[in-house]
Every structure is written in structure tokens, then in C-alpha cells.
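# Analysis of the macromolecular model
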Amino acid sequence: MRLQYGNSKSLSLKAMEILSLDLTTQRCPLALLLTKRACAKLLSEQQLELRISDSGARSDIPRYLLNHGYMIDTVVNDNTQLVMLVKKGHVSTC
């Protein structure tokens with residue numbers, strides 16, 4: 001699993017880039033562990049797009065993120081996957 005940078009208008013503004021982590025082939029607890037690692041690398045203004053399909057991870061990961069001060073915005077939540085944008089909150093302990 002590798003973090004990928006999404007499209008950005010300015011490569012010099014690394015903080016504005018959106019990282020992407022596709023966890024659709026991962027199950028909990030590995031999906032949660034990979035999420036924690038990716039969150040630890042986020043800069044204060046970066047966003048992380050998470051794609052999750054495992055039912056356990058779909059409930060555990062948002063709960064973990066909210067309990068640890070991250071802000072999440074749900075983009076897609078259907079029968080096949082959950083796609084969220086994650087951003088560091090004021091206090092984060094990933």
C-alpha cells in the first residue's frame with residue numbers, strides 16, 4: 001500500500017495536495033493500521049482521501065479518526081465503498 005499524490009494545480013504547495021489511500025482490498029485491522037500510518041504523515045493543511053470497502057473498517061476507521069481529532073468529510077457512502085476526505089484537526093494523536 002502506497003500513498004499517492006492526487007492532482008494539484010501547484011506542485012510547490014505540497015500542503016494543498018490531496019493524498020490518496022485505497023484500502024478497498026484491505027480488511028480490518030490492517031486497514032486501520034495503514035490509516036493510522038498515513039495520518040501520522042499528514043501536514044496540517046493536507047487532505048487524505050480514503051477508500052474503504054470492508055464493513056468492519058467502514059465503522060472502525062471513521063470512529064478512530066473522530067476520536068483522535070481528525071475532521072472527515074464523506075464523499076461516497078454506498079453499498080460497495082466509503083470514500084472520505086480526512087484532514088488534521090486542532091489536536092491529533094495518530
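So, here's what we can say about the structure. Small disclaimer: the values here were computed from a predicted structure and weren't measured.

### Re the environment of Leu 19
Its place among the elements puts Leu 19 in strand β2 (residues 18-23). As a C-alpha pair, Leu 19 and Val 86 span 67 residues in sequence and 9.5 Å in three-dimensional space.

### What to know about helix α2 (residues 55-67)
Over its 13 residues, α2 extends 19 Å from the first C-alpha to the last, a length consistent with the 18 Å expected when each residue adds 1.5 Å. Against β2, α1 (30-40), β3 (47-52), β4 (71-77) and β5 (82-87) lie the buried residues of α2. Positive backbone phi, approximately 85°, marks Gly 69, located one or two places after α2.

### A closer look at the environment of Leu 43
Assignment of secondary structure puts Leu 43 in the loop between α1 and β3. The exposure class assigned to Leu 43 is partly exposed, which follows from its relative accessible area of 41%. The spatial distance from the C-alpha of Leu 43 to the C-alpha of Lys 88 is 7.7 Å, given a sequence separation of 45 residues.

### Regarding the pattern of salt bridges
Tallying each qualifying case throughout the model produces 3 salt bridges. Across the salt bridge formed by Glu 45 and Lys 87, the nearest N and O atoms sit 3.4 Å from each other. A residue pair is termed long-range when its members are at least 10 positions apart, and Glu 45 in the loop between α1 and β3 and Lys 87 in strand β5 qualify at 42 residues. Since its relative accessible area comes to 42%, Glu 45 is described here as partly exposed. Asp 60 serves as the salt-bridge partner of Arg 63, at 2.5 Å between the closest nitrogen and oxygen. Placement of the pair is Arg 63 and Asp 60 together in helix α2, with a separation of 3 residues, close to one helical turn.

### With respect to the nonpolar core
Counting residues in each nonpolar core, the largest one holds 20 residues, and the members touching the most others are Leu 23, Leu 48, Leu 50, Ile 52, Ile 61 and Leu 65. Within the residue set of this core, elements represented by two or more residues are β2, α1, β3, α2 and β5. If one sorts the elements of this core by residue count, α1 sits on top with 5 residues.

### Quick word on the pairing of β5
In terms of residue burial, β5 counts as a mostly covered element, since 5 of its 6 residues are buried. Alignment of β3 against β5, held across 6 bridges, turns out to be antiparallel. Its bridge partner being in β5, Glu 49 is matched across the sheet by Leu 85. Sheet topology note: the β4/β5 ladder contains 6 bridges and is antiparallel. In the sheet register, Met 71 faces β5, and the bridge partner there is Lys 87. From the end of β4 to the start of β5, which pair antiparallel, there are 4 residues.

Conventions adopted
- Residues numbered from 1 in each chain as written.
- Predicted model: local features only at pLDDT ≥ 70, side-chain atom pairs only at ≥ 80, totals over all residues.
- Heavy atoms only, no water.
- Helix = DSSP H or I, 4+ residues; strand = E, 2+ residues; numbered from the N terminus.
- Expected span 1.5 Å × (residues − 1).
- Contact = heavy atoms within 4.5 Å.
- Buried < 20%, exposed > 50% of the residue type's maximum accessible area, 1.4 Å probe, protein only.
- Salt bridge = Lys/Arg side-chain N within 4 Å of Asp/Glu carboxyl O.
- Core = buried A, V, L, I, M, F, W, Y, C linked by side-chain atoms within 4.5 Å.
- Pairing = 2+ DSSP bridges.

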